Amino acid sequence: MKYAFPDNFWWGSASSAPQTEGETLAFGKSATIWDKWFEEQPTRFHHGVGPANTSTFYQNWKRDIALLKELNHNTFRTSISWARLIPEGRGEVNQEAVKFYNQVFDELHAQGITPFINLFHFDMPMAMQELGGWENRDVVTAYAEYAQTCFELFGDRVKHWFTFNEPVVPVEGGYLYDFHYPNVVDFRRAATVAYHTMLAHSLAVKAYHERNDGGEIGIILNLTPSYPRSQNPADVKAANIADLMFNRSFLDPALRGEYPQELVALLKEHDQLPVCQPEDKALLAAGVVDLLGINYYQPRRIKCRDSLVNPDSPFMPEWFFEAYEMPGRKMNPYRGWEIYEKGIYDILTNLRENYNNPCCYISENGMGVENEQRFDENGQIQDDYRIDFVSDHLKWLHKGISEGSNCLGYHMWTFIDNWSWCNAYKNRYGFVSLDLATQQRTIKKSGEWFRETAAKNGFDD
Ligand code: BG6
């Protein structure tokens, strides 16, 4: 086979509790920021569709796990909902949630599918947000208690844990660019949120390692390689700053246990450093992960600013760079994101050369398609574009592995079309399509391709 992957390669897909479980305010679950925001401003959500409208994994878990099995998954990622497990954020555990997650983990194992479990996928419980969310150090401690509860309850069967999915996204969305609650635009507060998130991460990693459970713990980062418009020093500097702010501010603490000095110096120069406590340094050093999840969708193209910044304007990342629309770049015509398959290889090469070749896997990669509900005469979606997208990325991944990268698997985003925050069902990513009204699931052509690829542990051209 031309693209054969290593033995025991992880083939699977990723999803999350808030995007699939449904039953948002039932069975003891309390509201998250998403329930709250939808209640306040439903028009911010595509077609006014809110977080209750999902594939209802809470009820359909058995049927969906059977589908995962049919699609030859050996691994599957989802998350635990903090607001479901500990409705007040701290304190009493909801026994209905314990029963639910126990059933899910047991069934996954019964089907030969290893659960990869993430603790936080953008879904801050409202009870915690009311205390200030990640801006408040008490919430950091509450998160660590929640993580420990999960390890105690499920650690016998879950051996692959993740502290956060894409921690930069709530920072960007909630505190810089207004696409997540609480819709703040303030760099200093964003920096505090980012910093406290990594402290919370480190507390969870430290606690897990102290348990000696025989499993591993990691973090899932959306790495966006930053490519400069040219090799002109101003463009290169601009791209480096974007890389520092959006990638290395999470990657370096996760893999090296400390922040890049260049980032600290930059924030200090502009008086944007978050408040640090003397014990933080040792805590961050304890946050080095066993396994890095890499979400890759698209790169960042960067150029230096054409005009000088007005020094009276609020401090923002865009003080240092601008997005660059590279002529001729390949675009996903159905989502408006660039497709650059080699990016996945560049990420692996960077990790190999500059971060001591950590254990990693591709935790998300996939193709969003607007208005995808086009079925052929046999009732199937012929998504050859998605097969091309995935196989083209896998080819570059294969090259990275053959050059020595320590990449152990590939998870597609996602299994079933799911609710995606403010975009709701605008961009569908599943290799199983979902009819929201009837809850019917139909395997797309890409699902069949994935089933075969996983079974053969690779593919030919
Ligand atoms: C990923 C997130 O980055 O992007 C998912 O982890 C999200 O939660 C996915 O659903 C797709 O986003 P969108 O905006 O294209 O629907």
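For the structure itself, look to the data block above.
Residues numbered from 1 in each chain as written. Predicted model: local features only at pLDDT ≥ 70, side-chain atom pairs only at ≥ 80, totals over all residues. Heavy atoms only, no water.

## Some words on the sheet that holds strand β3 (residues 75–79)
- Reading around the circumference, β2-β3-β4-β5-β6-β8-β11-β13 is the order of the eight strands in this closed barrel, with parallel pairing throughout. Geometrically, the sheet is characterised by an average inter-axis angle of 25 degrees between neighbouring strands, direction not taken into account.
- Relative to strand β8 (residues 291–295), strand β6 (residues 216–222) is paired through five bridges, and the arrangement is parallel. From the neighbouring strand, Gly-218 faces β8, where its bridge partner is Leu-291.
- In the packing of helix α5 (residues 95–110) onto the sheet, the strands contacted are β3 and β4 (114–118), and the crossing angle to β4 comes to about 145 degrees. (Pairing = 2+ DSSP bridges. Helix = DSSP H or I, 4+ residues; strand = E, 2+ residues; numbered from the N terminus. Axes fitted to C-alpha atoms, helices over the stretch in contact; angles between N-to-C directions. Contact = heavy atoms within 4.5 Å.)

## Observations concerning the nonpolar core
- Of all hydrophobic cores here, the largest spans 136 residues; its most connected members are Ile-80, Trp-82, Trp-134, Tyr-143, Phe-154, Trp-161 and Leu-397.
- It is helix α9 (residues 187–211) that provides the largest number of residues to this core, a total of twelve residues.
- Among all residues touching Tyr-143, those that are not within four sequence positions of it are Trp-82, Leu-119, Phe-120, Trp-134, Thr-163, Phe-164, Ala-200, His-201 and Ala-204.
- Core analysis: the second largest hydrophobic core is formed by six residues, Trp-10, Ile-220, Leu-291 and Tyr-361 among them. (Core = buried A, V, L, I, M, F, W, Y, C linked by side-chain atoms within 4.5 Å. Buried < 20%, exposed > 50% of the residue type's maximum accessible area, 1.4 Å probe, protein only.)

## Considerations on the environment of Leu-131
- Within the secondary structure layout, Leu-131 lies in the loop between α6 (126–129) and α7 (137–154).
- The class of Leu-131 is partly exposed, set by a relative accessible area of 46%.
- Here the alpha-carbon distance between Leu-131 and Gln-103, two residues 28 residues apart in the chain, equals 32 Å.
- When near neighbours in sequence (up to four residues on either side) are disregarded, Leu-131 contacts Asn-136 and Val-139.

## Considerations on the site of the ligand
- For the ligand, the set of nearby residues contains 15 residues, the closest of which are Glu-166, Arg-335, Ser-420, Asn-423 and Tyr-429.
- Note that an oxygen atom of the ligand is positioned 2.8 Å from one of the side-chain N or O atoms of Gln-19.
- Between the ligand and Ser-420 there is a distance of 2.6 Å, counted from an oxygen atom to a side-chain nitrogen or oxygen.
- Burial of the ligand by the protein chains amounts to 91% of its free accessible area of 400 Å².
- Among the residues making up the shell around the ligand, the classes are represented as six nonpolar, six polar and three charged. (Near = heavy atom within 4 Å. Polar contact = N/O pair within 3.5 Å; in protein donor to acceptor, adjacent residues only side chain to side chain. Areas by Shrake-Rupley, 256 points an atom, 1.4 Å probe, with all protein chains shown as cover. Nonpolar A, V, L, I, M, F, W, Y, C, P; charged D, E, K, R; others polar.)

## Remarks on the packing of helix α3 (residues 57–70) against α5
- Contact pair α3 / α5: the axes reach a minimum separation of 10 Å and the direction vectors enclose 5 degrees. Judged by the inter-axis angle, α3 sits roughly parallel to α5. Along the contact surface, α3 presents Phe-57, Tyr-58, Trp-61, Lys-62, Ile-65 and Leu-68, while α5 presents Glu-96, Phe-100, Gln-103, Val-104, Glu-107 and Leu-108.
- Residue composition of the contact of α3 with α5, by class: eight nonpolar, one polar and three charged. (Parallel < 35°, antiparallel > 145°, perpendicular 65-115°, else oblique.)

## A short note on the sheet that holds strand β9 (residues 300–303)
- Strand order in the open sheet formed by three strands is β7-β9-β10, and the pairing between neighbours is mixed. Of all the strands in the sheet, the pair left with one neighbour each is β7 (226–228) and β10 (322–323).
- Contacts from helix α10 (residues 233–256) reach β7 and β9, with the element oriented near 170 degrees to β7.

## Things to note about the packing of aromatic side chains
- The tally for this structure, following the rule as stated, stands at 51 aromatic pairs.
- Ring geometry for Phe-57 and Phe-100: centres 6.3 Å apart, planes at 80 degrees, overall edge-to-face. One end of the pair, Phe-57, is in helix α3; the other, Phe-100, is in helix α5, and 43 residues separate them in sequence. Here the two residues Phe-57 and Phe-100 agree in accessibility, since each one is buried.
- An angle of 50 degrees between the planes, with centres 5.0 Å apart, marks the rings of Tyr-334 and Tyr-385 as tilted. Of this pair, Tyr-334 sits in the loop between β10 and α13 (342–354) while Tyr-385 sits in helix α14 (residues 384–402), and the two are 51 residues apart along the sequence.
- For Tyr-334, a relative accessible area of 29% translates into the label partly exposed.
- According to the relative accessible area criterion, Tyr-385 is buried, its value standing at 18%.
- Ring pairing ties together the aromatic residues Phe-27, Phe-57, Tyr-58, Phe-100, Tyr-101, Phe-105 and Phe-154, which thus form one cluster.
- Here the guanidinium or amino end of Arg-256 rests over the ring plane of Tyr-355, the centre of that ring lying 4.0 Å away.
- The side chain of Arg-301 reaches across the aromatic face of Tyr-340, ending 4.8 Å from its centre. (Phe/Tyr/Trp six-rings, centres within 6.5 Å; stacked < 30°, edge-to-face > 60°. Lys NZ or Arg CZ within 6 Å of the ring centre and 35° of its normal.)

## Looking at the packing of α10 against helix α11 (residues 261–269)
- Contact geometry of α10 with α11 gives a least axis separation of 10 Å together with a crossing angle of 110 degrees. Between α10 and α11, the interaxial angle falls into the category roughly perpendicular. Both α10 and α11 take part in a crossing whose hand is left-handed. Residues Ile-241, Leu-244, Met-245, Arg-248 and Ser-249 of α10 lie in contact with α11, whose contacting residues are Glu-262, Leu-263 and Leu-266.
- Grouping the amino acids of the contact of α10 with α11 by side-chain chemistry returns five nonpolar, one polar and two charged. (Left-handed = near helix turned anticlockwise from the far one by under 90°.)

## Quick word on α14
- The end-to-end C-alpha distance of α14 is 27 Å, a good match for the 27 Å that 19 residues give at a rise of 1.5 Å each.
- Taken together, the buried positions of α14 are Tyr-385, Arg-386, Ile-387, Phe-389, Val-390, Ser-391, His-393, Leu-394, Leu-397, His-398, Gly-400 and Ile-401.
- Two residues or fewer past α14, Gly-404 is found with a positive phi of approximately 115 degrees. (Expected span 1.5 Å × (residues − 1).)

## Some points on helix α2 (residues 33–40)
- Looking only at α2, the buried set comprises Ile-33, Trp-34, Asp-35 and Trp-37.
- Residues of α2 that are buried make contact with α6.

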